[in-house]
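# Architecture at a glance
Listed below, chain by chain, are the residues.
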Amino acid sequence: MKTAIIDVGGGMQAAFAAGVLACLQDEHISFDLCYGVSAGAANLVNFLTGDMEASRSFYLDPEARKKVFSFSNFITKGSYVDFDRIYNDSEKLTKALDADSSLTVVATNAFTGNPAYFTKRMLEKHGLEILKASSSLPPACPPHLVGNIPYLDGGIADLIPVKKALEQGADKIVVLSTYPMQEEADLEKFYSAALLFDWKYPGAAKALRENVIRYNEAVALVRQLEAEGKLLSIYADDDHGVQALSRGTAGVQELWDQGYEKGKLVRDFLGADSRHSWWRRLLPFIPPKPPISPIQNDQQS
């Protein structure tokens, strides 16, 4: 059975998903396929390297929050968010890419508006720039260059890459988000946001206007797979007042703790496959038992 996990991110609200991943790390549960959108990509890098404590330190450090989210960054970085303080460990990314699980980071091509699914080869080539691009959402952050192409937050083109996971053979999928998967009927906010891109990135503007359509299609697929027992959606019951760009840490510990508790649902969902996930990777290295001799065979029968 091939398993997949999707972390849709959400800025500081992604502390909930990080709490879930911390529980999975403690439970020694791994996945074959990992998909990170926006802040979800950073969470998964720490998960794949067994270092969810790094995520916890990031979300709960009040001084770091003030430096990461600051209007002064507009002057020095041209962005409200200082991504260099968030994505600064290229060695850790390399280690994550060497893990048995495959990592896919989702971003949006600002020219075309199409989703880009960056896998190992591109991540090895462009490194942390892809993680920064996946989190770049105007007006807080401008598009981020990967090579010579500007990219935006992956949530614009494919917030819940469930279809991609199915295409890559996933049998069971876990989706982590701060809010429950519900159909979005409000088109106005997407049309308003699209005005920011019309003049320079019409493809991205078109993607924003169509975002609600793709999102609703993804939600319908999520519900179908849930009914079939193939998908588990884990979301927070209470966001404790934490916003995507919250500078403080009020409510973050509660959000993390809530995620940790809900992470315990994953083992039952995955079943026997998860119970041995920590050692099943070692099977190729365990020598086979010697064949039973005919005499022994008779004695056992």
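Being a predicted model, the structure only gives us computed values, none of them experimental. (Residues numbered from 1 in each chain as written. Predicted model: local features only at pLDDT ≥ 70, side-chain atom pairs only at ≥ 80, totals over all residues. Heavy atoms only, no water.)

## Some details on the packing of helix α1 (residues 15–26) against helix α15 (residues 252–262)
For clarity, the cut-off: Helix axes use the C-alpha atoms of the stretch in contact, all axes being lines fitted to C-alpha atoms, and the angles between their N-to-C directions lie in the range 0 to 180 degrees. Helix and strand definitions here come from DSSP, where helices need a minimum of 4 consecutive H or I residues and strands a minimum of 2 consecutive E residues; each element is numbered from the N-terminal end. The cut-offs work like this: below 35 degrees is roughly parallel, past 145 is roughly antiparallel, 65 to 115 is roughly perpendicular, and the gaps in between are oblique. Note on convention: near helix rotated counterclockwise from far helix by under a right angle means a left-handed crossing. Clockwise means right-handed. Two residues form a contact once any of their heavy atoms are found within 4.5 Å.
At a minimum axis distance of 6 Å, the contact between α1 and α15 shows a crossing angle of 45°. In this view, α1 runs oblique relative to α15, as classed from their interaxial angle. Seen along the crossing, α1 lies across α15 with a hand that is right-handed. Across the interface between the two elements, A15, F16, A18, G19, V20, A22, C23 and D26 of α1 pack against V252, L255, W256, Q258, G259, Y260 and K262 of α15.

## Quick look at the packing of aromatic side chains
As a reminder of what qualifies: Stacked, tilted and edge-to-face are the three classes applied to pairs of Phe, Tyr and Trp rings, where Trp contributes its six-membered ring and a pair requires centres within 6.5 Å; stacked means planes under 30 degrees apart, edge-to-face means over 60, and tilted covers the rest. Only when the NZ of Lys or the CZ of Arg is both within 6 Å of the ring centre and within 35 degrees of the ring normal is a charge said to sit over the ring.
Under the definition given, this model contains seven aromatic pairs. Grouped by ring-pair contacts, the aromatic residues F69, F71 and Y80 constitute a single cluster. One Lys or Arg, K172, reaches over the ring of F269 and ends 4.9 Å from the middle of that ring. Above the plane of the ring of Y235 lies K262, whose end atom (NZ or CZ) is 5.1 Å from the centre.

## Topic: the nonpolar core
For clarity, the cut-off: Remark: nonpolar core denotes a set of buried residues (Ala, Val, Leu, Ile, Met, Phe, Trp, Tyr, Cys) joined through side-chain atoms within 4.5 Å. For the exposure calls, accessible area comes from a 1.4 Å probe over protein chains only, and a residue counts as buried if that area is under 20% of its type's maximum, exposed if over 50%, partly exposed in between.
Counting 58 residues, the largest nonpolar core has I5, L24, F31, L103 and V266 as its most contacted members. For this core, the element with the highest residue contribution is α1, accounting for eight residues. Grouped together as the second largest cluster of nonpolar side chains are 18 residues, I6, M181, V219 and L231 included.

## A closer look at the pattern of salt bridges
Put simply, the test is: The rule for a salt bridge is simple: a side-chain nitrogen of Lys or Arg has to be within 4 Å of a carboxyl oxygen of Asp or Glu.
Enumeration over the complete set of coordinates arrives at 12 salt bridges. Between E129 and K132 there is a salt bridge; the shortest N-O distance is 3.5 Å. With a gap of three residues between them, E129 and K132 both fall in helix α9 (residues 128–134), about one helical turn apart. With a relative accessible area of 30%, E129 lands in the partly exposed category. With relative accessibility at 7%, the residue K132 sits in the buried group. Salt-bridge contacts for R214 lead to E210; the nearest nitrogen and oxygen are separated by 3.6 Å. Here E210 falls in the partly exposed class, since its relative accessible area comes to 29%. If you follow the salt bridges from partner to partner, you end up with K77, D82, D84, R85, E129 and K132 in one network.

## Some remarks on a nonpolar patch on the surface
Convention followed: Like charges are joined within 9 Å and nonpolar side chains (Val, Leu, Ile, Met, Phe, Trp, Tyr) within 5 Å, but only among residues with over 30% relative accessible area and no salt bridge; these make up the patches. Only the protein chains shown count as covering a residue, and every accessible area follows the Shrake-Rupley method with a 1.4 Å probe.
On the surface, a nonpolar cluster with roughly 380 Å² of combined accessible area is contributed by F71, F74 and I75. The residue F71 is located in the loop between α4 (62–68) and α5 (72–76) in this model. Owing to a relative accessible area of 64%, F71 belongs among the exposed residues under this scheme.

## A few points about the side chain of K92
Keep this limit in mind: Pairs of N or O atoms within 3.5 Å make up the polar contacts considered here, provided that, within protein, one atom can donate a hydrogen while the other can accept it, and that residues adjacent in sequence are counted only when both atoms are side-chain atoms.
Along the chain, K92 turns up in helix α7 (residues 90–97). A relative accessible area of 16% places K92 in the buried class. In this structure the side chain of K92 is engaged in a polar contact, spanning 2.9 Å, whose partner is the side chain of N46. Those residues in contact with K92, other than ones at most four positions away along the chain, are V45, N46, T49, D51 and A54.

## Examining the environment of V37
Mapped onto the elements of the fold, V37 is located in strand β2 (residues 33–37). By relative accessible area, which is 0% here, V37 ends up buried. Sequence separation of V37 and S135 is 98 residues, and the distance between their C-alpha atoms is 7.6 Å. Those residues in contact with V37, other than ones at most four positions away along the chain, are D7, V8, G9, V106, S134, D153, G154, G155, D158, L159 and P161.

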